[in-house]
Amino acid sequence: PHTGRLALYLLGLQATCPPASPHRSLVTWLKYYLEEDWTGSRRQGHPITSYYQYGLGVLALCVHRKRVREEVVRRLLTAQHHGRFGHGGNTVDTEAVVALAFTCLEQRRLVGTGLAAELRLAAREASRNMAKAQGTDGIIGNIYSTPWALQVFLATGTCQTEPAFGQAMAALLENLDAFGTAATMAQVLPVLHGRSYLDIASVHCGEEPDTLTPLDMESLPEVPGNKTVQLVVECPLPWCYDLRLYDRLVPVPAAASFLDVLQAAAALDPRDFRFHTQDTPQGPFLTQVLGLEARQEKRNYWQILTAPNTPLQMGIADYRPQDGDTLTLRLSEW
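Definitions and cut-offs
Residues numbered from 1 in each chain as written. Predicted model: local features only at pLDDT ≥ 70, side-chain atom pairs only at ≥ 80, totals over all residues. Heavy atoms only, no water. Helix = DSSP H or I, 4+ residues; strand = E, 2+ residues; numbered from the N terminus. Expected span 1.5 Å × (residues − 1). Buried < 20%, exposed > 50% of the residue type's maximum accessible area, 1.4 Å probe, protein only. Arc of directions from axis to C-beta. Phe/Tyr/Trp six-rings, centres within 6.5 Å; stacked < 30°, edge-to-face > 60°. Pairing = 2+ DSSP bridges. Contact = heavy atoms within 4.5 Å. Axes fitted to C-alpha atoms, helices over the stretch in contact; angles between N-to-C directions.

Chemist: I would appreciate a short explanation of helix α6 (residues 113-132) in the present structure.
Modeler: In an α-helix there are 3.6 residues to a turn, and that puts residues three or four apart on one side. When the terminal C-alpha atoms of α6 are compared, their 29 Å separation across 20 residues agrees well with the 28 Å that a helix rising 1.5 Å per residue should span. Those residues of α6 not exposed but buried are Leu115, Ala116, Leu119, Ala122, Ala123, Ala126, Ser127 and Met130. Seen along its axis, α6 keeps its buried residues to an arc of 145°; they face one direction. In α6, those exposed residues whose orientation departs by more than 90 degrees from the buried face are Thr113, Leu121 and Lys132.

Given below as structure tokens:
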């Protein structure tokens, strides 16, 4: 099911004030995907995609003022109560998206009184968790999850009283260059205007002037020369036959991204190094390295570290290592 991608598309579509008719069928498809997303993985008791995408689907339907079955909402409530939302920044992303969905359903009165009270409490708990997840640098989770957390503070009205809000906003403004894809820009733009995705539901389309003009994007200048990156693959889990599975210097062009480094390593050592990625709205996501797959149901993931032990805060297609850097892929549990 394309739950998350369709949900983001419908949120963006609603924000552009389209005619009512073209996207009605897409909303119906999203409701169908929500059911398929869960039915296909009923034995495991979680969505086929992820709770992040599932929460996005509920949020998009609410913004379009569409009711969802109580069972669908309770799946998210149960997952939150049992801490099933993921690891690190992913936890913040997912809990924030779900909190926005809960707040939307409660504020738009699309659920009964009893369930609305539960959703309000769950959203407040998520807001407190956002504050607890804030680092000393002001970032909540990671730089990409920070706009989601800020949207929760804005949507729940805690932005005026929560000290974490101002600190996170300051950190966001210092790191705006990290938001280079359409999906990440879409997360951060509402926050920069003091809004959340919930405000899309109350946009007065008749008052919007047609002032959008195309922006001529200049291509990045070519960076001459080459660089060399140390690529390390580690598996500290008990069932791995060795801790360090790969360790090699990889030469690449000076402007190469981390994804380019992985591709160069695969070209150099097709038998010794291989990897797979999954396309997401935020860019390619690393899912498999050396035949070892990171899977949500196994509660593991490929953690990306820059030396000595710093988690990477950018996507693999966006991050450009420096000459001599060491990059470590570590299969980790959450």
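Chemist: What is the right way to look at the packing of aromatic side chains in this model?
Modeler: Working definition: an aromatic ring pair is given by the centre-to-centre distance plus the angle between the planes. Applying the stated criterion across every chain, the model contains 12 aromatic pairs. Both rings, one in Tyr32 and one in Tyr33, keep their centres 6.1 Å apart while their planes meet at 50°; by these two values the pair is tilted. Judged by its relative accessible area of 17%, Tyr33 falls in the buried class. Aromatic side chains Trp148 and Tyr197 sit 5.4 Å apart centroid to centroid with 90° between the ring planes, which places their arrangement in the edge-to-face category. On the criterion of sequence distance, the pair formed by Trp148 in helix α7 (residues 146-156) and Tyr197 in the loop between α9 (182-192) and β1 (226-234) is long-range, its members being 49 residues apart.

Chemist: Help me understand the sheet that holds strand β5 (residues 292-293) in this model?
Modeler: Pairing between sheet strands relies on hydrogen bonds along the backbone, with the strands arranged either parallel or antiparallel. As summarised here, the arrangement of the three strands in space is β3-β4-β5, forming an open sheet in which the pairing is antiparallel. A single partner strand is all that each edge strand has here, and the edge strands are β3 (275-280) and β5. Both strand β4 (residues 283-289) and β5 contribute to a ladder of two bridges, which runs antiparallel. Along β5, the bridge assignment pairs Gln288 with Glu293. The strands that helix α10 (residues 258-268) touches are β3 and β4; relative to β3, the one it contacts most, it runs at about 145°.

Chemist: Explain the environment of Leu56 to me, please; I cannot follow it from the model alone.
Modeler: For Leu56, the position within the fold is in helix α3 (residues 51-63). Judged by relative accessible area, which is 1%, Leu56 ranks as buried. Note: C-alpha distance between Leu56 and Leu34 (22 residues apart in sequence) is 10.0 Å.

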